[in-house]
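Now for the letters of each chain:
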Amino acid sequence: MKKKGLFITFEGIDGSGKTTQYNLLRGRLRRRGLDPVCVREPGSTVVGEEIRSILLSSDDRPMTLLTEALLYAAARSQLVREVIVPALEGGKVVLCDRFLDSSLAYQGYAGGLGVDTVMAVNAAAVRGIRPHLTLVFDLSVSEALRRERGRKADRIESRGAEYLQRVREYYLELARKEPDRVRVIPAARDIAEIEADVYREVSEGLAALGIDGRG
Ligand code: ADP
Ligand code: TYD
């Protein structure tokens, strides 16, 4: 990829601690003198947030799996063009809480739409943009559900633990297939231990690109 910045994505099942680590890394990079561009999927653009509210609303209006995949791809397309590409071209570090791998895992593999179909739906949306580094926060489904209890456990439980188990399997298989890009971070540990692993992985990526901030 000819882009100059560093594109880092955060993946894992719901409740695996991604967003906690994304926020910690953002703070750490800022203290290092970098100015990371931080976004989440679906959302982080005006139209993307509107699509998010359709996708994540708790009423159970009927929606086919393909419609769901197309909506995630539409939000992603907007985010790639409006935010991610300009940021990378400007040499920025981009942190993204979920990206294409989420659609492949949730809609493609766990949901049963098929990984190839979801890839095809997303081809135009991502425009060949691929993360340099993808961190997969790996946690058992039972522990994730325990952490999420009282928060959004209803949505997760409505999909079922087996669904999330398949999502987890997809991510682990992805890491085996693409070890250079995808790193598994064991997430059943203290927040500070996980943060140290994340920072080590990211520092390697920054060093490889010659981005160092203030140290
Ligand atoms: P995700 O973004 O993957 O859904 P969050 O970062 O929102 O996960 O974390 C889910 C819940 O688990 C939150 O209540 C958060 O405070 C808690 N949590 C995050 N990391 C840990 C950890 N390492 N150990 C225990 N609880 C955690
Ligand atoms: P969110 O509340 O952001 O969850 P999390 O804290 O786990 O990131 O909701 C995002 C939900 O959308 C999550 O359940 C995963 C799902 N999702 C997909 O199914 N496909 C996708 O392509 C993306 C980006 C998210």
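Calculation rules
Residues numbered from 1 in each chain as written. Chains lettered and ligands numbered in written order. Predicted model: local features only at pLDDT ≥ 70, side-chain atom pairs only at ≥ 80, totals over all residues. Heavy atoms only, no water. Near = heavy atom within 4 Å. Polar contact = N/O pair within 3.5 Å; in protein donor to acceptor, adjacent residues only side chain to side chain. Areas by Shrake-Rupley, 256 points an atom, 1.4 Å probe, with all protein chains shown as cover. Helix = DSSP H or I, 4+ residues; strand = E, 2+ residues; numbered from the N terminus. Nonpolar A, V, L, I, M, F, W, Y, C, P; charged D, E, K, R; others polar. Expected span 1.5 Å × (residues − 1). Bend = angle between axes of the 7 residues up to and from the residue.

Engineer: Explain the site of ligand 1 to me, please; I cannot follow it from the model alone.
Structural biologist: With respect to spatial proximity, 15 residues lie near ligand 1, and among them Gly 15, Lys 18, Thr 19, Thr 20 and Arg 189 are the closest. Between ligand 1 and Ser 16 there is a distance of 3.1 Å, counted from an oxygen atom to a backbone nitrogen or oxygen. Between ligand 1 and Thr 19, the relevant distance is 2.4 Å, taken from an oxygen atom to a side-chain nitrogen or oxygen of the residue. Expressed as a share of its isolated accessible area of 560 Å², the protein-covered part of ligand 1 is 76%. For the shell around ligand 1, the secondary structure elements donating two or more residues are α1 (18-31), α6 (141-148) and α9 (191-209). Considering each element in turn, the shell around ligand 1 owes the most residues, three residues, to α1. A per-class count over the shell around ligand 1 returns three nonpolar, five polar and seven charged.

Engineer: Please clarify how helix α3 (residues 65-89) should be interpreted in this entry.
Structural biologist: In a regular helix each residue adds 1.5 Å, so 25 residues correspond to 36 Å; α3 covers 34 Å between its end C-alpha atoms and thus fits that length. Taking the largest bend as the criterion, α3 deviates by roughly 45 degrees, centred on Val 80. A positive phi of about 80 degrees marks Gly 91, the residue just after α3.

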